[in-house]
Amino acid sequence: MTAFDDIKDFLATPRVGDLQLSPDGRRLVATVGVLDDTGAKRLEALWEIDPQGAAPARRLTFSPRGESTPRWASDGSLLFLSARGDDDETPSSLWLLPPSGAEAHEVLARPGGVSRVVAARASDVIVVAGATMPAATDTEADDTLRKARKDRKVAAILHESSPIRFWDHDLGPAELRLLSARLTPDGHDDLRDLTPTPRRALDEQAYDVSPDGRTVVTGWAVDEEPGYPITQLVAIDVASGDHRLLAAQPHTHYSSPVISPDGARVACIGALDSSYEEPETPQVWVIDIASGSGRVVAADADLWPDSACWSADGTALFFTSDQQGHHPIFRIDLESGELTRLTVSGHYTSLCIDPDGETLFALRDHVDSPPRPVRLTSRASDQTPLDLPAPGEMAVPGRIEDVDTVVDDGTVVRGWLVLPDGASADEPVPLLLWIHGGPLNSWNSWSWRWNPWLMAAKGYAVLLPDPALSTGYGRAMVQRGWGQWGGAPYTDLMTITDEVVKRPDIDETRTAAMGGSYGGYMANWVAGHTDRFRCIVTHASLWALDQFQGTTDHPAYWAREWGLPHVQPERYAQWSPHHYADGLGTPMLVIHGDRDYRVPIGEALRLWWDLQRREVPSKFLYFPDEGHWILKPGNAEVWYETVWAWLAAHVLGEEWRRPTLV
């Protein structure tokens, strides 16, 4: 028996995340998420990991509400967020665990809570992000306004710009502000509001603080044109509160700023916005904070970088990028331009640089391995990292193989094939085609939500392909599918499926297709264009593109690629799955959450109606309290039980068994 044989055991497995290294390099801390005693909620605690890999991990915090966002102060104190109140409405506040190991204590609380903290690496300055009512001039006024809304049961939000929602939550009425303070033995000195009138400029933006605590660099969203916000970089003087525009170019988004060890430069991701003709172009930038002059590094690498961090001496940058079904770490020497790939396999996040300059810590995961803390050297190429002891080790029930095929235009399309134990020519197994979301994405990481090993434990093989629009194969691979979602991506998927079902260990007569988000779009496209699959599962899926474009949480992003329906209707007419509804016939399981603002519930409702009136065998698994992802443990359990029952009925030919809790 493994954790994949019982969904409850899988959900109860500890989940490691958010690795952070202390300023002196001696202590390594991560969050570890587990289920609470009821099994209905996931809580995080802070655990200390031995950087040398000799001692077992040990738990540091034990509150019943959990802890998150560990960050080290310059003196070795451990800062973190926790909502240690009497009820679920208590917002998170800032807590501090002294380096001596004494009891943790609260250092900063606000009416709207604290959502993030960044501490200067060589100063006692901290900068927190917290939601504040627009009319509030200080903490007391914020508290008064919140109580008045609660007492009078006011939930209304007055919006003055777009967007107004993000993924699964509303934006407003409070606005995110940045506030600075100095840590003191008693907590902190007076808070200084660095952004008193931000409106929606700081929503979903990252920021960093210079080592001396004098400067904050943050993303700052502005409307390039009505409804089309872009993100600039702004430098804020902590002492005066003065703002200075640091980086701004037309149609360019700057994100993930990280200030250099000497405080003189900032590294970030600068992405030229997508257009009707071409996808976005993310690149690593280095910008001088004093002058604002900047340059792109590793410009010719044809990668898809998503974050960067500095070497200890500031002469190099480390960043990660999708590449050929992996997400390795790269090092770029800023003087010579030499680019080194440090890891050959796996998916890496939470990079931490030791002050010795020679050691690198990270979280490593992959399709067949959950996140684990690891240690590497900072210069050697294509390393195998050292695993560090931590909770949550898992042995998967099967094996994984790299598969590929060549499609009509000569492109190599590759993917992963997950095979259950016992799959062989003597005992061929049914196949599930899983289509990834994004669509700018790749099957290269572990997933707690769409986990193929839960399917392998039931005896299914799972094909995880990277078709056109997938990242990690160069810009040309994305361009092949740009603006024609049902074109090359669809034919790529069918071609690699054709190749895999030729295998003697696969039963080509028993196949199904599944996808979520863009993968759900493609599942719907598949349903209207082929009857090769016994059934289809479509989760959080797009059905009517013209309807979706105006109701999603960020209409401007999609309008860049497709155009506006009333101006450029061609792509909506050609590539919207609902235009091919008369081709529906394959049994379909529709799944959607009512709080999904990225793909609103109207997509599922309209698809469901089109299925019902055509009498296509179908069911609708509806989650009133979930968004784009099904996150609550009980709901995730129901999700898998329903999908398993659906597949068993249509792929395995078993009797339909309705899950007991629905």
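See the structure shown above.
Here the structure is a predicted model, which means the values were calculated and not measured.

About the thresholds
Residues numbered from 1 in each chain as written. Predicted model: local features only at pLDDT ≥ 70, side-chain atom pairs only at ≥ 80, totals over all residues. Heavy atoms only, no water. Helix = DSSP H or I, 4+ residues; strand = E, 2+ residues; numbered from the N terminus. Rg over C-alpha atoms; globule rule 2.2 N^0.38 Å. Buried < 20%, exposed > 50% of the residue type's maximum accessible area, 1.4 Å probe, protein only. Contact = heavy atoms within 4.5 Å. Lys, Arg positive; Asp, Glu negative; His and termini not counted. Charge placed at Lys NZ, Arg CZ, Asp CG, Glu CD. Core = buried A, V, L, I, M, F, W, Y, C linked by side-chain atoms within 4.5 Å. 1 Å grid on protein atoms, 1.4 Å probe; cavity = no way out; pocket = protein on both sides within 12 Å on 5 of 7 lines; lining within 4 Å. Points joined across faces, edges and corners; volume = space filled by probe spheres on them. Nonpolar A, V, L, I, M, F, W, Y, C, P; charged D, E, K, R; others polar. Pairing = 2+ DSSP bridges. Axes fitted to C-alpha atoms, helices over the stretch in contact; angles between N-to-C directions. Expected span 1.5 Å × (residues − 1). Polar contact = N/O pair within 3.5 Å; in protein donor to acceptor, adjacent residues only side chain to side chain. Phe/Tyr/Trp six-rings, centres within 6.5 Å; stacked < 30°, edge-to-face > 60°. Lys NZ or Arg CZ within 6 Å of the ring centre and 35° of its normal. Disulfide = S-S within 2.5 Å. Salt bridge = Lys/Arg side-chain N within 4 Å of Asp/Glu carboxyl O. Right-handed = clockwise from strand over helix to strand, strands pointing away.

Chemist: Any chance you could break down the overall build of the protein chain for me, citing the residues and the numbers?
Modeler: From N to C terminus, the protein chain includes 11 helices and 39 strands. In summary, the protein chain has a C-alpha radius of gyration of 25 Å against a globular reference of 26 Å for 662 residues, a match within 12%. Judged by the C-alpha coordinates and their principal axes, the protein chain covers about 70 × 55 × 55 Å. The 662 residues of the protein chain split such that 56% are buried. In the protein chain, the proportion of contacts linking residues at least 24 apart, taken out of those at least 6 apart, comes to 55%. Here the protein chain contributes 58 positively and 95 negatively charged side chains, and the mean placements of these two sets differ by 3 Å.

Chemist: Any chance you could break down the nonpolar core for me, citing the residues and the numbers?
Modeler: If you look at the biggest cluster of nonpolar residues, it comprises 55 residues, and the most contacted ones within it are Tyr 521 and Met 522. The next biggest cluster of nonpolar side chains, apart from the first, holds 39 residues, and it includes Trp 416, Val 418, Leu 432 and Trp 443.

Chemist: Before we move on, can you summarise empty space enclosed by the protein with the specific residues and values?
Modeler: To find leftover empty space, a probe the size of one water molecule is rolled over the atoms. Inspection of the entire model under this criterion finds two cavities of 30 Å³ or more. Taken as a whole, the largest cavity encloses approximately 40 Å³ of empty space. Forming the walls of the largest cavity are Gly 483, Trp 485, Leu 545, Trp 562, Arg 571, Tyr 572 and Trp 575. Here the residues of the lining of the largest cavity sort into five nonpolar, one polar and one charged. Considered as a void within the structure, the second largest cavity measures approximately 30 Å³ in volume.

Chemist: If you had to explain the sheet that holds strand E25 (residues 316-321) to someone new, which residues and values would you point to?
Modeler: In space, the four strands of this open sheet follow the order E24-E25-E26-E27, with antiparallel pairing throughout. For this open sheet the edge positions go to strand E24 (305-310) and strand E27 (339-341), each flanked by a neighbour on one side alone. On average, each strand axis in the sheet is tilted by 25° relative to the strand beside it, whichever way the strands run. When E24 meets E25, the two strands line up antiparallel, connected through five bridges. Of the residues in E25, the one forming a bridge with Ser 307 is Thr 320.

Chemist: Which residues make up helix H5 (residues 488-500), and what values go with them?
Modeler: Each α-helix turn comprises 3.6 residues. Residues three or four places apart therefore point the same way. For H5, built from 13 residues, the straight-helix expectation of 18 Å at 1.5 Å per residue is met to within 8% by its first-to-last C-alpha distance of 18 Å. Taken together, the buried positions of H5 are Ala 488, Pro 489, Tyr 490, Asp 492, Leu 493, Met 494, Ile 496, Thr 497 and Val 500.

Chemist: Would you mind going over the side chain of Ser 63 in detail, with residue names and values included?
Modeler: Relative to the helices and strands, Ser 63 is located in the loop between strand E4 (58-59) and strand E5 (68-72). In this structure Ser 63 comes out as buried when scored by relative accessible area, which is 12%. Only 3.1 Å separates the side chain of Ser 63 from the backbone nitrogen of Gly 66, close enough to count as a polar contact. Sequence-distant contacts of Ser 63, defined by excluding residues within four places in its chain, comprise Ser 82 and Arg 84.

Chemist: I'd like to hear about the packing of aromatic side chains, residue by residue, with values.
Modeler: Taken as a whole, this structure holds 28 aromatic pairs when the rule is applied. With centroids separated by 4.9 Å and ring planes inclined at 70°, the aromatic side chains of Trp 525 and Tyr 580 adopt a geometry described as edge-to-face. Of the two residues, Trp 525 is situated in helix H6 (residues 518-529) and Tyr 580 in the loop between helix H9 (570-575) and strand E38 (588-593); the sequence distance between them amounts to 55 residues. Under the relative-accessibility criterion, Tyr 580 is labelled partly exposed at 29%. With a centroid separation of 5.8 Å and an interplanar angle of 35°, the aromatic rings of Trp 558 and Trp 562 are classed as tilted. Of the two residues, Trp 558 and Trp 562 are both situated in helix H8 (residues 555-562); the distance of four residues between them amounts to about one turn of the helix. Classification of Trp 558 by relative accessible area gives buried; the value is 9%. Ring pairs connect the aromatic residues Trp 485, Tyr 518, Tyr 521, Trp 525, Phe 548, Tyr 557, Trp 558, Trp 562, Tyr 572, Trp 575 and Tyr 580, which therefore count as one cluster. Of note, Arg 571 hangs over the ring of Tyr 276, and the distance from its end group to the ring centre comes to 3.6 Å.

Chemist: Help me get a handle on the state of the cysteines, residues and values and all.
Modeler: Within this structure, the stated rule accounts for zero disulfides. Cys 352 forms no disulfide, and the closest cysteine sulfur to it belongs to Cys 309, at a distance of 8.1 Å.

Chemist: Explain the environment of Tyr 518 to me, and be specific about the residues and the numbers.
Modeler: Tracing the backbone shows Tyr 518 in helix H6. Spatially, the C-alpha atoms of Tyr 518 and Leu 542 are 7.0 Å apart, while their sequence positions differ by 24 residues. With sequence-adjacent residues up to four places away left out, Tyr 518 is seen in contact with His 436, Gly 437, Gly 438, Pro 439, Leu 469, Trp 485 and Pro 489. A distance of 3.2 Å separates the side chain of Tyr 518 from the backbone oxygen of Trp 485, its partner in a polar contact.

Chemist: Quick rundown of the pattern of salt bridges? Include the residues and the values.
Modeler: Applying the stated criterion across every chain yields a total of 37 salt bridges. Between Arg 71 and Asp 18 there is a salt bridge whose closest N-O contact spans 3.3 Å. Of this pair, Arg 71 sits in strand E5 while Asp 18 sits in strand E1 (residues 15-21), placing them 53 residues apart in sequence. Classification of Arg 71 as buried rests on a relative accessible area of 18%. Through salt bridges that share partners, Arg 399, Glu 401, Arg 503 and Asp 505 make up one connected network.

Chemist: Account for the sheet that holds strand E7 (residues 93-97), naming residues and giving values.
Modeler: Strand-to-strand pairing in sheets goes through backbone hydrogen bonds, with the strands running parallel or antiparallel. A sheet is described by the order of its strands in space; here four strands give the open sequence E5-E6-E7-E8, paired in antiparallel fashion. At either margin of the open sheet sits one strand with a lone partner, and together these are E5 and strand E8 (105-108). Adjacent strand axes in the sheet meet at a mean angle of 35°, parallel and antiparallel pairs treated alike. Where E5 meets strand E6 (residues 78-82), three bridges bridge the pair, whose relative direction is antiparallel. Across the sheet, residue Arg 71 finds its bridge partner in E6, namely Leu 79.

Chemist: So what's going on with the pairing of strand E35 (residues 461-466)? Residues and values would help.
Modeler: The buried fraction of E35 amounts to six of the six residues, a majority that puts the element mostly inside the structure. Burial along E35 is two-sided: the residues Ala 461, Leu 463 and Pro 465 and Val 462, Leu 464 and Asp 466 are all buried. Pairing between strand E33 (residues 412-420) and E35: five bridges, direction antiparallel. Counterpart to Arg 414 in the pairing with E35 is Asp 466. Both strand E34 (residues 429-435) and E35 contribute to a ladder of three bridges, which runs parallel. Bridging from a neighbouring strand, Leu 432 pairs with Val 462 of E35.

Chemist: Lay out the environment of Phe 620 in plain terms, naming residues and giving numbers.
Modeler: Assignment of secondary structure puts Phe 620 in strand E39 (residues 618-623). The residues touching Phe 620, leaving out its near neighbours within four places in the chain, are Val 590, His 592, Ile 601, Ala 604, Leu 605 and Trp 608.

Chemist: Break down the pairing of strand E36 (residues 506-516) for me, with residues and values.
Modeler: Of all 11 residues in E36, eight are buried; the element is thus mostly enclosed. Examined bridge by bridge, E34 and E36 share six bridges and lie parallel to one another. Counted as the bridge partner of Trp 434 is Met 514 from E36. Sheet analysis places E36 next to strand E37 (residues 535-539), joined by five bridges and oriented parallel. For Met 514, the partnering residue across the bridge sits in E37 and is Val 537. Running through H6, the crossover from E36 to the neighbouring parallel element E37 is right-handed.

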